[in-house]
Amino acid sequence: MRILQILTRKLSSSQIRSTAPSSTFSSRQFHSLSNPASFGIAFDIDGVLLRGNIPIGSSPQALKSLYDDSGTLKVPYVFLTNGGGVPESKRAKELARLLDVNILPLQVIQGHTPFKQLMKRFEDELVVAVGKGEPAEVMSEYGFKNVLSIDEYASYFDNIDPLAQYKKWTDKQDVNQNSKSKHVAFSNDPCSQRAQAVFVVSDSVDWSRDIQVLCDILRTGGLPGKEIAHQPPLFFANDDLAYQALFPSERLGMGAFRIALESVFNAIHPAALKYTSYGKPNPFVFKNAETVLMQVLQSSQDNNQVDGREQFFKTLYMIGDNPAVDIKGARQAGNPWFSILTRTGVFKGKENYDECPADLVVDTVEEAVDYILSKECVS
């Protein structure tokens, strides 16, 4: 997985290892902690708190223990997930409904959240957004002004997908040759305008079409059907090979799609595919989560006052189910991260994971939260 060097150089590569009610949110509920916590928690979602849209075990109760009886947050926490496909504001509302706690959009860090930082670079350029859900809406909310989903983009090119006639399920999509994206007002037809970048926001829905169209874009400098040219930048929100969903065994993730795209591209193009991947276990993601947790903590203090002292966390807990992603990322991020591995998702072993052992292994997220609150002396 290739990571932006400019980001990784800024981060520590040190590792750690030890043995060990209403979903309607009011920001005023974050403004009453007189004794700010010196620790924070990052929760993975899929395989830890939810399986599909179904809460795992007593995960809602585990989160509720982080609030007092009035619904005020006692412990700063964020959701740190490689998933995505919808804006953070929409995901926060969905999580609040499923888990029955008050959640701010600020607390939701998705795989594609770092794409915000690329907005200035591509703000006015034509870019293509790939994935399930609302990939173009996500990019539009980040400030990208000329963005098309791959569904919309492909609809401008006659016969670009040779298998389209066999995909009856596409008949229900509200995409046709005369429709333009609500996210963009083009001065030129996309067929004559170079796509300057591709963002894989979430899991591809139609691998065959998306690999075909992306190869067309990337091999021709952003003008499908034209001559070979310099490859535009390609960004992946994560590089997860697999994840835990409703089906008993793991499902192939964005990393698997990346491998497929890369294999095909390298077989038909003289130069190897170039790309940048975000998401866990990139240490940058954990550094960003620390910054967000500090914002959550500061917003929870009376009058947002820092009391004249620099605030910092003594411990940050990462609770995840995937050793190669959640645990590896926390270990690479180093101090003050402490990794907790649950057996509710990708990992189901009896003992710790040998290749990338966690600081603590538990059966459920409830056990993880109980351990943290006991260790930190929070009632």
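Every chain begins its residue count from 1, and numbering advances along the sequence as written. Only residues with pLDDT of 70 or above have their local features reported here, since the model is predicted, and side-chain atom pairs are shown and tallied only from 80 upward, although totals for entire chains, interfaces and linings are computed over all residues. Hydrogens and water molecules were not included; the side-chain quantities draw on all heavy atoms of the structure.

1. Focus on the environment of Gly329
Then step 1. Elements are defined by DSSP. Helices are runs of H or I of four residues or more, strands are runs of E of two residues or more, and each kind is numbered from the N terminus. Along the polypeptide, Gly329 turns up in helix α10 (residues 323-333).
Then step 2. Those residues in contact with Gly329, other than ones at most four positions away along the chain, are Pro281 and Phe286. Two residues form a contact once any of their heavy atoms are found within 4.5 Å.

2. Some remarks on the layout of surface pockets
Then step 1. The computed volume of the largest pocket comes to approximately 620 Å³.
Then step 2. Using protein atoms alone on a 1 Å grid, points that fit a 1.4 Å probe yet trap it form a cavity, whereas open point sets bounded by protein on both sides within 12 Å along at least five of seven lines form a pocket; residues with an atom within 4 Å of a point count as lining. Lining of the largest pocket is provided by 32 residues; of these, Asp46, Gly83, Gly84, Arg91 and Lys132 occupy positions nearest its centre.
Then step 3. At the level of elements, α3 (88-99), β10 (242-243) and α10 are the ones that each hand at least two residues to the lining of the largest pocket. Grid points are joined across faces, edges and corners, and a volume is the space filled by probe spheres set on the points.

3. Quick notes on the sheet that holds strand β5 (residues 108-109)
Then step 1. Pairing between two strands requires that DSSP report at least two bridges joining them. Sheet architecture is open: six strands sit in the order β5-β4-β1-β13-β14-β15, paired in parallel fashion. Strands with a single pairing partner mark the edges of an open sheet, and in this sheet they are β5 and β15 (360-362).
Then step 2. Two strands pair when backbone bridges link them, and strand β1 (residues 39-43) and strand β4 (residues 77-80) are joined in this way by three bridges, in the parallel orientation. For Ala42, the partnering residue across the bridge sits in β4 and is Val78.
Then step 3. A fitted line through C-alpha atoms serves as each axis, taken over the contacting stretch for helices, and the angle formed by two N-to-C directions is quoted from 0 to 180°. Against the sheet, helix α9 (residues 283-299) makes contact with β1, β4, β5, β13 (315-320) and β14 (337-342), and its axis sits at roughly 150° relative to β4, the strand it touches most.

4. With respect to the packing of helix α7 (residues 207-219) against helix α8 (residues 254-268)
Then step 1. Put simply, α7 and α8 touch, their axes get as near as 10 Å, and they point 50° apart. As far as their axial angle goes, α8 and α7 are oblique. When you trace α7 past α8, the crossing you get is right-handed. Side by side, α7 and α8 meet where Trp207, Asp210, Ile211, Leu214, Cys215, Leu218 and Arg219 of the first sit next to Ala256, Phe257, Ala260, Leu261, Val264, Phe265 and Ile268 of the second.
Then step 2. The residue classification treats Ala, Val, Leu, Ile, Met, Phe, Trp, Tyr, Cys and Pro as nonpolar and Asp, Glu, Lys and Arg as charged. All others, Gly included, are polar. Residue composition of the contact of α7 with α8, by class: 12 nonpolar, no polar and two charged. Angular relationships are summarised with four words: roughly parallel below 35 degrees, roughly antiparallel beyond 145, roughly perpendicular across 65 to 115, and oblique for the angles in between. It is the rotation of the near helix from the far one that decides the hand of a crossing: anticlockwise by less than a right angle makes it left-handed, clockwise makes it right-handed.

5. Considerations on α7
Then step 1. Each helix should span, by expectation, one fewer than its residue count multiplied by 1.5 Å. The end-to-end C-alpha separation of α7 is 17 Å, in line with the 18 Å expected for 13 residues at 1.5 Å each.
Then step 2. Exposure classes here rest on a 1.4 Å probe applied to the protein chains alone. A residue is buried below 20% of its type maximum, exposed above 50%, and partly exposed in between. For α7, the set of buried residues is Arg209, Asp210, Ile211, Val213, Leu214, Cys215, Ile217 and Leu218.
Then step 3. Those residues of α7 that are buried are in contact with β6 (126-130), α6 (150-155), β8 (197-200), β9 (234-236) and α8.
Then step 4. Positive phi appears at Gly221, one or two residues downstream of α7, with a value of about 70°.

6. Brief notes about the packing of aromatic side chains
Then step 1. Any two rings among Phe, Tyr and Trp, with Trp reduced to its six-membered ring, count as a pair given centres within 6.5 Å; such a pair is stacked if its planes are under 30 degrees apart, edge-to-face if over 60, and tilted if neither. Applying the stated rule across the entire model yields 17 aromatic pairs.
Then step 2. Centroid distance Phe43 to Tyr77: 5.7 Å. Interplanar angle 85°. Geometry classified as edge-to-face. Residue Phe43 is located in strand β1, and its partner Tyr77 is located in strand β4; the two are separated by 34 residues in the primary sequence.
Then step 3. Overall, the relative accessible area of 0% leaves Tyr77 in the buried class.
Then step 4. Both rings, one in Phe144 and one in Phe199, keep their centres 5.4 Å apart while their planes meet at 65°; by these two values the pair is edge-to-face. Here Phe144, found in the loop between α5 (135-141) and β7 (146-149), pairs with Phe199, found in strand β8; they are 55 residues apart in sequence, far enough to count as distant. Each member of the pair, Phe144 as well as Phe199, is classed as buried.
Then step 5. Linked through ring pairs, Phe115, Phe122, Phe144, Phe199, Phe235 and Tyr278 together constitute an aromatic cluster.
Then step 6. In this scheme, Lys NZ or Arg CZ marks a charge over a ring once it lies within 6 Å of the ring centre and within 35 degrees of the ring normal. The aromatic ring of Phe338 is capped on one face by Lys375, whose charged end is 4.4 Å from the ring centroid.

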